[in-house]
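Understanding the architecture of this molecule
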Amino acid sequence: MRSATISLAMLVTACLALPAPSQADELAEAMQRADALSFFNRLGLQTSQLQRMVSPLKRIQQIVTQREADREVKLTRLSGYYQRARGLLIAGVALPEDLRAEIQKAEEEMAAGDLSAKQAVHGQMELIASILYPAQNAQLDWTPPPEVRVEESPAERARRQRQIIGLITEAGQFLQQVRELNALLYVTQRIPLISEYLAQYFPVNTPAFERAHAMLMDYTGEVRLVEEAQWQQQAPLYAERMVRLLGLMPEQAKPNPNAVGWSQLYDLLTNPQTVNIVQEMLDARQAED
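Structural notes, computed from the coordinates. Nothing here was measured: the structure is a model prediction, and the numbers come from that model. (Residues numbered from 1 in each chain as written. Predicted model: local features only at pLDDT ≥ 70, side-chain atom pairs only at ≥ 80, totals over all residues. Heavy atoms only, no water.)

**Observations regarding the overall build of the protein**
The following threshold applies: Put simply, DSSP marks the helices as runs of H or I at least four residues long and the strands as runs of E at least two long, and each gets a number from the N terminus on. Note on classification: 1.4 Å probe, protein chains only; a residue is buried when its accessible area is under 20% of the maximum for its type, exposed when over 50%, partly exposed between these limits. Note on definitions: a residue-residue contact is assigned when non-hydrogen atoms from the two residues lie within 4.5 Å. Shrake-Rupley sampling with a 1.4 Å probe provides the accessible areas, and residues are treated as covered by the protein chains on show and by no other component.
Counting its secondary structure elements, the protein contains 11 helices and 0 strands. Across the protein, helices and strands are ordered from the amino to the carboxyl terminus as α-α-α-α-α-α-α-α-α-α-α. Residue burial in the protein is summarised as follows: out of 289 residues, 36% are buried. Counting only contacts in the protein whose residues sit at least 6 apart along the sequence, the fraction spanning at least 24 positions is 79%. Element-wise, carbon and sulfur atoms account for 54% of the exposed surface of the protein, whose accessible area totals about 17200 Å².

**Notes on the packing of helix H3 (residues 47-90) against helix H4 (residues 97-131)**
Threshold: Axes here refer to lines fitted to C-alpha atoms; in helices the fit is confined to the stretch in contact. Angles between the N-to-C directions go from 0 to 180 degrees. Our angle categories are set so that under 35 degrees counts as roughly parallel, over 145 as roughly antiparallel, 65 to 115 as roughly perpendicular, and the remainder as oblique. Asp, Glu, Lys and Arg are counted as charged, while Ala, Val, Leu, Ile, Met, Phe, Trp, Tyr, Cys and Pro are counted as nonpolar; the rest, among them Gly, fall into the polar class.
At a closest axis distance of 10 Å, the pairing of H3 and H4 adopts a crossing angle of 175°. Comparing their axes, H4 and H3 come out roughly antiparallel. Here the residues of the contact of H3 with H4 are counted per class, giving 23 nonpolar, 4 polar and 11 charged.

**Comments concerning the packing of aromatic side chains**
Defined as follows: Two aromatic rings, drawn from Phe, Tyr or Trp (for Trp, its six-membered ring), form a pair once their centres lie within 6.5 Å of each other, and the interplanar angle then sorts them: stacked below 30 degrees, edge-to-face above 60, tilted otherwise.
According to the stated counting rule, one finds 5 aromatic pairs in the structure shown. Ring geometry for Phe 39 against Phe 40: centres 5.3 Å apart, planes inclined by 70°, an arrangement best described as edge-to-face. The pair formed by Phe 39 and Phe 40 is uniform in burial state, with each residue classed as buried. Between Trp 262 and Tyr 266 the ring centres are 5.1 Å apart and the planes differ by 25°, which places this aromatic pair in the stacked class. With Trp 262 and Tyr 266 both in helix H10 (residues 262-270) and 4 residues apart, the pair spans about one turn of that helix.

**Digging into the nonpolar core**
Here is the rule we go by: Take the buried Ala, Val, Leu, Ile, Met, Phe, Trp, Tyr and Cys residues and link them wherever side-chain atoms come within 4.5 Å; each set so joined is a nonpolar core.
Grouped together as the largest cluster of nonpolar side chains are 32 residues, with contacts concentrated most on Phe 40, Met 53, Met 125 and Trp 142. Among the secondary structure elements, those contributing two or more residues to this core are helix H2 (25-43), H3, H4, H10 and helix H11 (272-288). Considering every element that reaches this core, the biggest residue donor is H3, with 7 residues. In terms of nonpolar packing, the next biggest core, distinct from the first, is built from 31 residues, Leu 181, Tyr 201, Trp 231 and Val 243 among them.

**Observations concerning the pattern of salt bridges**
Convention followed: Salt bridge, as applied in this entry: a Lys or Arg side-chain nitrogen positioned within 4 Å of an Asp or Glu carboxyl oxygen.
On inspection of all chains with the given rule, the structure shows 7 salt bridges. Ionic pairing is found between Lys 74 and Glu 109, a salt bridge with its closest N-O pair at 2.6 Å. One end of the pair, Lys 74, is in helix H3; the other, Glu 109, is in helix H4, and 35 residues separate them in sequence. Judged by its relative accessible area of 31%, Glu 109 is partly exposed. The partner of Arg 244 in a salt bridge is Glu 240, with the nearest N and O atoms 3.2 Å apart. Of the two residues, Arg 244 and Glu 240 are both situated in helix H9 (residues 228-245); the distance of 4 residues between them amounts to about one turn of the helix. Looking at Arg 244, the relative accessible area reads 44%, which means it is partly exposed. Among the ionic contacts, a cluster of salt bridges with common partners joins Arg 67, Arg 71 and Asp 114.

**Concerning H2**
Put simply, the rule is: One less than the residue count of a helix, multiplied by 1.5 Å, gives the span that helix is expected to have.
Look at H2: 27 Å from first C-alpha to last across 19 residues, which is about the 27 Å you get at 1.5 Å a residue. The inward-facing, buried residues of H2 contact H3, helix H5 (134-137), H10 and H11. Immediately downstream of H2, the backbone of Gly 44 shows phi near 65°, a positive value.

**A look at the environment of Phe 202**
Looking at the secondary structure, you find Phe 202 in the loop between helix H7 (183-198) and helix H8 (207-224). Spatially, the C-alpha atoms of Phe 202 and Pro 134 are 7.1 Å apart, while their sequence positions differ by 68 residues. In this structure Phe 202 touches Tyr 133, Pro 134, Ala 208, Phe 209, Ala 212, Leu 246 and Leu 248, once residues within four positions along its chain are discounted.

The values reported here are purely geometric and, on their own, carry no functional implication.
And the structure:
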């Protein structure tokens, strides 16, 4: 019971504490902006990616703002209970069971609300992850902590399956196009076709793009030599293999200890400075055009 009393005391004290203005606010804000700018520059984001990030980043801010507002409403409603509990604790009097139950219920409700908000933010983080190229995502670990992770819903599984089918279908069409080139066009058109296809998934003029390009040069040469009867039977298998070789197959996130972790990504993406930095980067690039 002592641990529960201490927990409740800490909750009451925290809820009654008034935020004091900090002289370091401006410095903290400047550091947050610098962190966000450094993060996006390090990833080498293209303008189209920044544009697509604005909406989920704004939704994240809406989730965070709404959660903070909900907490304020609850704290205001419960302030009378907290004042009473604080007075009793200072006097060394044990809290009555009804008061203890009320505060315990508030603590549980707040924890549930915090978790729900984190899960909603994580959903938007997954959208941001889907905007990035595989080489960019290789630097990041989007795996959430166990308490935030939610079971994939039937709708999400169906969406992922549609995405997989779309990737395989597009890869098959690309390989079919290469197979249909005559000898002259195969020499002159294969390289630009590969570049056009890969530009959808890899930032151009990067080591990741060059590696993928070299791989497809070999793979398209292999596929072109496949007998027509075998191709007709196994074209989807060749297309699926290509998608996997390129690292494009959407799969559930796996922990990557060498990458920027989920908690760091969460702190960065929930910071209100982040969406401002993205908008400023877009404005700066537009001014340069």
